[in-house]
Amino acid sequence: MSTLAPRAVLVTRRTELEELLDRHGTRGAAEFYLRSRGRDLEQVQRSHDAQAAAVAEVGAALPPDWRRGHVERADLARFPFAPEDTVVVVGRDGLVANVAKYVRGQRVVGVDPEPGRNPGVLVPHRAADVAALLTGPSAAVGLTMVRAVADDGQELVALNEIYLGDRGHQSARYLITTPDGRRERQSSSGLIVATGTGATGWCASVAGERASAPPLPDRAEAALAWFVREAWPSPSTGVTLTAGRVDGSAELTVVCQSERTVLFGDGVEDDRVPLSWGQQVTVGVADRRLHLVQATGVDPPAALRRSI
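Just so it is clear, the model here is predicted, and its values are computed rather than measured.

Enquirer: Is there a simple way to explain the overall build of the chain in this structure?
Expert: In terms of regular secondary structure, the chain is built from seven helices and 16 strands. What you see for the chain is a C-alpha radius of gyration of 21 Å, in line with the 19 Å of a compact globule of 308 residues. Taking the principal axes of the C-alpha coordinates as reference, the chain spans close to 65 × 55 × 40 Å. Put simply, the chain has 308 residues, and 49% of those count as buried. Of the contacts made within the chain by residues no fewer than 6 positions apart, 69% connect residues no fewer than 24 positions apart.

The following block contains the structure:
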């Protein structure tokens, strides 16, 4: 019985230059559009060239006996990842978060095509590192993910955070029940439930505004932090339960009491889950993790080692 060779799946996203050319047709028209908004085409071209160079270098670094695949961000939902795949993401940190919901146990290598321009939290490697990461000693760190499940079976999994609120970011009404059983009716501009990885992003900006913010979890810790945005006090809604943690197998429960409520993860509003009045959503630590590869014996970036 023959055994298939390993497969490396390269994940990229269309560059800004490619999207501009699709929209405007010619370089001249794209350049005029950018200039009218105080930008120039040279920087856009440099970013495009940097990604193309990184993709070419990664391709050349792949072992010759490995099979290869390539998928763009827009097609991730339709791509058939295999259990034995190694996924190589070339792009910004957010592209790794986009990939996370579509893989289950596969090793993911994050490559930054423009070191110094991106935070590099999830893409800590350069294209030149790929060969050693694939064939030499390396370890995969299991990053905690967050999972929300509605009472009709709809489910959403995210690497950074899940948002629950009004689809127009206006006031949403709901009944919240914390893991310790406390309950409160609230009206707010939404609820964020974040992992330790997400604690370096959107959640960090929210936590920084709170004098009594709970300790943010580590990226590999089976725990989440949650924050209510702009809770509004009224005769029927309260503001006492606005932040906390969800540890281990505990869950945060929300019952919708308005009609325009949605769930979305990692900032991708187009991939939202609509919710109706009376629906219940439970949010907790997901039963799967993202396995992010890093070189053995090499310290990861500070943003990966701890939450800010």
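We are not done yet, so read on.
Enquirer: How do you make sense of the nonpolar core when you look at a structure like this?
Expert: Soluble globular proteins tend to pack their nonpolar side chains together in the buried interior. Residues Val11 and Leu290 are the most contacted members of the largest nonpolar core, which totals 26 residues. Mapped onto this core, the elements with two or more residues apiece are strand E1 (7–12), strand E3 (86–90), helix H4 (93–100), strand E5 (138–150) and strand E16 (280–295). It is H4 that provides the largest number of residues to this core, a total of five residues. Once residues lying within four places of it in the same chain are set aside, the contact partners of leucine 290 are Val96, Ala100, Val103, Val108, Val141, Gly142, Leu143, Met145 and Leu159. Counting residues in hydrophobic clusters, the runner-up holds 25 residues, among them Ala150, Leu241, Val246 and Leu263.

Enquirer: It is not clear to me how the packing of aromatic side chains should be interpreted in this structure. Could you clarify?
Expert: The description of an aromatic ring pair rests on the distance of the ring centres and on the angle between the ring planes. For the structure on display, the rule yields three aromatic pairs. Ring geometry for tyrosine 163 and tryptophan 202: centres 5.9 Å apart, planes at 25 degrees, overall stacked. With tyrosine 163 in strand E7 (residues 161–166) and tryptophan 202 in helix H6 (residues 202–207), the pair connects residues that are 39 residues apart, well separated along the chain. Take tryptophan 202: its relative accessible area is 28%, and that puts it in the partly exposed class. Pairwise contacts between aromatic rings join Tyr163, Trp202 and Phe264 into one cluster.

Enquirer: Sorry if this is basic, but what is going on with the pattern of salt bridges here?
Expert: Oppositely charged side chains may form a pair once their charged atoms are brought near each other. Taken as a whole and judged by the stated rule, the model has 14 salt bridges. Notably, a salt bridge pairs arginine 35 with glutamate 31, separated by 3.6 Å at the nearest N-O pair. Here arginine 35 and its partner glutamate 31 are both found in helix H2 (residues 27–35), four residues apart, which amounts to about one turn of the helix. A residue is classified by how much of its surface remains accessible, and arginine 35, at 51% relative accessible area, is exposed. Among the ionic pairs, aspartate 247 bridges to arginine 245, the shortest N-O distance being 2.7 Å. One salt-bridge network, in which partners are shared between bridges, spans Glu221, Arg245 and Asp247.

Reading the values: the criteria
- Residues numbered from 1 in each chain as written.
- Predicted model: local features only at pLDDT ≥ 70, side-chain atom pairs only at ≥ 80, totals over all residues.
- Heavy atoms only, no water.
- Helix = DSSP H or I, 4+ residues; strand = E, 2+ residues; numbered from the N terminus.
- Rg over C-alpha atoms; globule rule 2.2 N^0.38 Å.
- Buried < 20%, exposed > 50% of the residue type's maximum accessible area, 1.4 Å probe, protein only.
- Contact = heavy atoms within 4.5 Å.
- Core = buried A, V, L, I, M, F, W, Y, C linked by side-chain atoms within 4.5 Å.
- Phe/Tyr/Trp six-rings, centres within 6.5 Å; stacked < 30°, edge-to-face > 60°.
- Salt bridge = Lys/Arg side-chain N within 4 Å of Asp/Glu carboxyl O.

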